[in-house]
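Here are the chains, one letter per residue:
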Amino acid sequence: MKKNMRLLLITSILFGLIFFLSQCFNANEVSTDARGIVFANPASCRKCHQAIYDSVMLTAHYNATTPTSQNTVHGNFNEGQNSYVYDSSTKVVMQKRDSGLYQALYLNGKEMEAHRFDITFGVRNAQTWLYWKGNNTYELPVSYYTSANAWGTSPGFPIAQPYFKRIVGKVCFECHSSFIDSKHSDETSNSKEYFAAAERIEAMDKTTLIYGIDCQRCHGPAANHVNYHTIYPEEKKAKYIVTNSSLNAQQKLDMCAVCHSGNDQEKLKSRFYFKPGDTLSNFYLYMPGDKYKTNFDVHGNQQRLLAESKCFLQSGTLNCSSCHNPHTNAGSNLATYSQKCMGCHTEANKNFCIVKPAAGVSIKDNCIDCHMPKKPSEAISFYQQGNTQLSFYLLRTHKIGIYKTDSVSKPKITSKKVNKGN
Ligand code: HEC
Ligand code: HEC
Ligand code: HEC
Ligand code: HEC
Ligand code: HEC
Ligand code: HEC
Ligand code: HEC
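Re the coordination of the iron atom of ligand 2
Any two of four tetrahedral donors ideally make an angle of 109.5 degrees at the metal, while pairs among six octahedral donors ideally make 90 or 180 degrees.
At step 1: Surrounding the iron atom of ligand 2 are the protein donor atoms H219 (NE2) and H327 (NE2), which sit 2.0 to 2.1 Å from the metal.
At step 2: Between the six donor atoms coordinating the iron atom of ligand 2, the angles at the centre fall across 89 to 179°, so the site counts as octahedral. Residue H219 is located in helix α5 (residues 215-219), and its partner H327 is located in the loop between α10 (320-323) and α11 (334-341); the two are separated by 108 residues in the primary sequence.
At step 3: A residue is classified by how much of its surface remains accessible, and H219, at 34% relative accessible area, is partly exposed.

Focus: the sheet that holds strand β3 (residues 90-97)
At step 1: Within the open sheet, the four strands sit side by side as β2-β3-β4-β5. Their pairing is antiparallel. Where the open sheet ends on each side, the last strands, each with one partner, are β2 (83-87) and β5 (110-116). Each adjacent strand pair in this sheet contributes to an overall mean axis angle of 25°, direction not counted.
At step 2: Pairing analysis gives four bridges linking β2 to β3, with the strands arranged antiparallel. Opposite S83, over in β3, you have V93 as the bridge partner.

Some details on the pattern of salt bridges
At step 1: Taken as a whole and assessed by the stated rule, the structure comprises 14 salt bridges.
At step 2: When the shortest N-O distance is used, the salt bridge between D33 and R35 registers 2.8 Å.
At step 3: Judged by its relative accessible area of 11%, D33 falls in the buried class.
At step 4: Accessibility expressed as a relative area gives 15% for R35, which makes it buried.

Thoughts on the site of ligand 4
At step 1: Near ligand 4 you find 23 residues, and of these R124, C172, C175, H176 and G300 are the closest.
At step 2: At a separation of 2.8 Å, an oxygen atom of ligand 4 approaches a polar backbone atom of V123.
At step 3: One of the side-chain nitrogen or oxygen atoms of Q302 is found 2.8 Å away from an oxygen atom of ligand 4.
At step 4: Those elements that provide at least two residues to the shell around ligand 4 are β7 (126-133), α3 (170-176), α7 (249-260) and β17 (390-396).
At step 5: Looking at which element gives the most residues to the shell around ligand 4, the answer is α3, with four residues.
At step 6: Here the shell around ligand 4 is built from residues that sort into ten nonpolar, ten polar and three charged.

Side note on the nonpolar core
At step 1: Counting 20 residues, the largest nonpolar core has F77, V92, M94, F117, W129, V142 and W151 as the members making the most contacts within it.
At step 2: Core analysis: the second largest hydrophobic core is formed by twelve residues, F173, F179, I210 and F272 among them.

A word on the coordination of the iron atom of ligand 5
At step 1: Donor atoms from the polypeptide that bind the iron atom of ligand 5 are C311 (SG) and H345 (NE2), placed at 2.0 to 2.3 Å.
At step 2: Given six donor atoms and angles of 84 to 178° at the metal, the environment of the iron atom of ligand 5 is assigned as octahedral. On the criterion of sequence distance, the pair formed by C311 in helix α9 (residues 310-315) and H345 in the loop between α11 and α12 (368-371) is long-range, its members being 34 residues apart.
At step 3: For H345, a relative accessible area of 32% gives the class partly exposed.

How each quantity is defined
- Residues numbered from 1 in each chain as written.
- Chains lettered and ligands numbered in written order.
- Predicted model: local features only at pLDDT ≥ 70, side-chain atom pairs only at ≥ 80, totals over all residues.
- Heavy atoms only, no water.
- Donors = N, O, S within 2.8 Å, 3.2 Å for Na, K, Ca; no water.
- Tetrahedral: all angles 85-135°; square planar, octahedral: opposite > 155°, others 65-115°.
- Helix = DSSP H or I, 4+ residues; strand = E, 2+ residues; numbered from the N terminus.
- Buried < 20%, exposed > 50% of the residue type's maximum accessible area, 1.4 Å probe, protein only.
- Pairing = 2+ DSSP bridges.
- Axes fitted to C-alpha atoms, helices over the stretch in contact; angles between N-to-C directions.
- Salt bridge = Lys/Arg side-chain N within 4 Å of Asp/Glu carboxyl O.
- Near = heavy atom within 4 Å.
- Polar contact = N/O pair within 3.5 Å; in protein donor to acceptor, adjacent residues only side chain to side chain.
- Nonpolar A, V, L, I, M, F, W, Y, C, P; charged D, E, K, R; others polar.
- Core = buried A, V, L, I, M, F, W, Y, C linked by side-chain atoms within 4.5 Å.

Right under this line is the structure:
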């Protein structure tokens, strides 16, 4: 008898516990997020983090990819300004039609093909567009460049004739969106050829695309966090979420480096599966010689450039958040950034700038143009209408250092002759 009573007690405690736990984690209806049930509904964060949420909505990160609409495309659709002319018989015309915005190819005045701007990439320096065909996305031949305020050939595209067949695989989405599923999603093969082939034929599932870089792309899955805090609103300590204070210096850097350390390393796993706290180096296959690489392009490689500077190497504390707030756009006020420099470099510390400024000029408002000058990106080059020289756009180098020339008065776009054809 006694034994049965004990069994009954234990079973009822167990059932009670199960009931209690299931309440904890199922307070909300099950998430329908394409990344799986461990991810909360992305909009749910606003309830408790309203200020951050409203600020993030306006960032370049959140808008890194958007479904194309007339208000988000910066290029000009007015007659006379809406074409890219390749030669006297060939042009691509940007058109507004009832079913959306299109790039249409004309040969001797006759329309040959037209494809819709379906997905917009970019907001700040450049925009490029993809169109869907079956389960793949293709990049349109004409892009928009902010600093030139003009249409130009998409990066790496030929100047001789328009090309509509460039398949853009999941890899672009891995840095520019929060998720898209595909048939060959998580290849762990080490073979370069295999991986390249897999990327070419991967079939993407457009219903799973989560546009832009959202909270959980940086912070990791948060369904349990949301459910727990919904049930226990009095709890003020963050639960079931990777906290910033639990991350070491490398992990904090990796949270940004997953997308800001270039695309030249052999990948072992999709970047979509990176969560804060993971070791980013496990996502790559390092080749002999990787360690000795230098001369990183200024585009998309901020982390590896920063890592080469003495400020980073010798302070041991510098990371992206030292200068950037991840929930707002990067400011353009160079005096504010210079204050960050002077957090470490002061006359009192005897490590201040030794340059004698010109009479009447204060160097304190702008450490940036001299020590983080803008440099042309070789990775993003394009042709402007009527210019047979490639143009490059300028980005800040994050290799903080001493440069011979300052770039204060340089133009925003440079052109130079290059020999490589397309
Ligand atoms: C029901 C309320 C609630 C919701 C909904 C919620 N959070 Fe939180 N969150 C909290 C509380 C409470 C804290 C702890 C106090 C603080 O840091 O604001 C917290 C803290 C955090 C932190 C800080 C961790 C650290 O470094 O200390 C992050 C990141 C976070 N939440 C992300 C999210 C994300 C992403 C979502 C949406 C998927 C979300 N939260 C939705 C209540 C909520
Ligand atoms: C680009 C990556 C990124 C995105 C996107 C992002 N965060 Fe953060 N968040 C961070 C980092 C990095 C920190 C730590 C900041 C620091 O070092 O001070 C942080 C800190 C926080 C904190 C704790 C500190 C604070 O400021 O209160 C909360 C809460 C938070 N994030 C919530 C959110 C929510 C909610 C969203 C979406 C609306 C979001 N984050 C989007 C990177 C991001
Ligand atoms: C999922 C990939 C991804 C992650 C993670 C990420 N970024 Fe970015 N970041 C991008 C992309 C893509 C852009 C370009 C967005 C655009 O302009 O279309 C960008 C743009 C930026 C910009 C310039 C635009 C602006 O004004 O904000 C800054 C600064 C930046 N990121 C800093 C960070 C920092 C700091 C972190 C870590 C806390 C981080 N990023 C994490 C992909 C990422
Ligand atoms: C490894 C991550 C990564 C991959 C892969 C990647 N990008 Fe980017 N991209 C970035 C980052 C980071 C930025 C912004 C910072 C910069 O330019 O240095 C950016 C900037 C851009 C911009 C300019 C955005 C702006 O507002 O200025 C466009 C357009 C763009 N990328 C398109 C693409 C396309 C198309 C692909 C695929 C062919 C691609 N990217 C692949 C990380 C990536
Ligand atoms: C976290 C502290 C810290 C911050 C912030 C910082 N630095 Fe440094 N910086 C250092 C340290 C440490 C060194 C190496 C020792 C030295 O020269 O004082 C250094 C070195 C330098 C050097 C000499 C580089 C060389 O190659 O000889 C320059 C120039 C410099 N910093 C400029 C800047 C500028 C400009 C900023 C802001 C954009 C900045 N630093 C932000 C810590 C910092
Ligand atoms: C010492 C300060 C400092 C640190 C640390 C820093 N940045 Fe920046 N970042 C800047 C400045 C200054 C700019 C240029 C702002 C401007 O010109 O309007 C900038 C611009 C950017 C841009 C926009 C691209 C461009 O050229 O305008 C991106 C992307 C970016 N930073 C990413 C990062 C990432 C990722 C990290 C960490 C690996 C990082 N930054 C660390 C100071 C810093
Ligand atoms: C007009 C361009 C210019 C501006 C503005 C400027 N610097 Fe410099 N800085 C230089 C040059 C050039 C050197 C190298 C001088 C030399 O070696 O003779 C230098 C040297 C340095 C050094 C190395 C000092 C040493 O003892 O070797 C540091 C640190 C530094 N600058 C920090 C800063 C900071 C912080 C600011 C902003 C408050 C700043 N600089 C503003 C051009 C500039």
